[in-house]
Amino acid sequence: MTEETPAKVCCLLGTSLFSLFFLFAVAASNAGFSGTETAFPDPFAPERVMAVVDNLSTGYSQFLQANLIQPATESYAELADNYNFVVGEIADQYGQQILAYTGLQALAEIDTGQTSQPIVPKVAGAFTSANQAKYKPLSQAFNVDDLYWVLMR
């Protein structure tokens, strides 16, 4: 018992912290042998636990948004802009030659901008009005708040 080891030190620190918490609980609730004047709050009540989970998930989502998703979105936007510029230049200068080489002139003559019938969505549940979820466009990032919302519904 005369030598200090990490196990002994951790046990003594844990015992002292537990006794300090116990003394704080007694002082905060004004407890005595006959009872307590005020109830000690339950730290594991469901509303407190959910508040902590909500705060943690919001903080984690903001962290990911600032450090991962936003830089990736900016990098992707720059890459897409460069790609569109290069492809547009190639299509402008060599488009007819590429179509002639591949034999796709018939596809180039089709005008896709003019359709006689309106485009109707063919997705299951596209016409339901009850409990419609508000989906973000693909250009916006998916974050932890969205995942939490989907799991809790």
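What you see is a predicted model, and the numbers here were worked out from it, not measured in a lab.

When its secondary structure is counted, the chain shows 4 helices and 0 strands. What you see in the chain, going N to C, is helices and strands ordered as α-α-α-α. With 153 residues in all, the chain has 6% of them scored as buried. Once local pairs closer than 6 in sequence are excluded, the contacts in the chain between residues at least 24 apart make up 41%. Carbon and sulfur atoms provide 64% of the accessible area of the chain, an area that totals close to 13900 Å².

The α-helix winds at 3.6 residues per turn, so residues separated by three or four positions along the chain end up facing the same way. Here helix H1 (residues 6–29) is 24 residues long and its end C-alpha atoms lie 34 Å apart, about the 34 Å a rise of 1.5 Å per residue gives. Little of H1 sits out of view: just 2 of its 24 residues are buried. After H1 finishes, the residue Asn30 shows a positive phi value of roughly 55°.

Here we come to a nonpolar patch on the surface. A surface patch of nonpolar side chains, amounting to about 480 Å² of accessible area, comprises Phe85, Val86, Ile90, Tyr94 and Ile98. Mapped onto the secondary structure, Ile90 falls in helix H2 (residues 46–102). Classification of Ile90 as partly exposed rests on a relative accessible area of 40%.

Next up on the list: H2. End to end, H2 covers just 66 Å across 57 residues, shorter than the expected 84 Å (1.5 Å per residue, more than 12% under). By the largest-angle criterion, Tyr94 marks the main kink of H2, which is about 75°. All buried positions along H2 are accounted for by Ser57, Ser61, Leu64, Ile69 and Gly95. Looking one or two residues beyond H2, the residue adopting positive phi is Gly103, at roughly 75°.

Residue position: Ser29 is located in helix H1. A residue is classified by how much of its surface remains accessible, and Ser29, at 5% relative accessible area, is buried. Each residue touching Ser29, except ones within four places of it in the same chain, is listed here: Thr36, Glu37 and Thr38.

What follows concerns the confidence of the model for the chain. Scored by pLDDT, the chain has a mean of 76; 68% of the residues are at 70 or more. In the model of the chain, helix H4 (residues 144–152) stands out as the element of lowest mean pLDDT, 64, in contrast to H1, which has the highest, 90.

Criteria and thresholds
Residues numbered from 1 in each chain as written. Predicted model: local features only at pLDDT ≥ 70, side-chain atom pairs only at ≥ 80, totals over all residues. Heavy atoms only, no water. Helix = DSSP H or I, 4+ residues; strand = E, 2+ residues; numbered from the N terminus. Buried < 20%, exposed > 50% of the residue type's maximum accessible area, 1.4 Å probe, protein only. Contact = heavy atoms within 4.5 Å. Areas by Shrake-Rupley, 256 points an atom, 1.4 Å probe, with all protein chains shown as cover. Expected span 1.5 Å × (residues − 1). Patch = residues over 30% accessible without salt bridge, like charges linked within 9 Å, V, L, I, M, F, W, Y side chains within 5 Å. Salt bridge = Lys/Arg side-chain N within 4 Å of Asp/Glu carboxyl O. Bend = angle between axes of the 7 residues up to and from the residue. pLDDT = per-residue confidence, 0-100.

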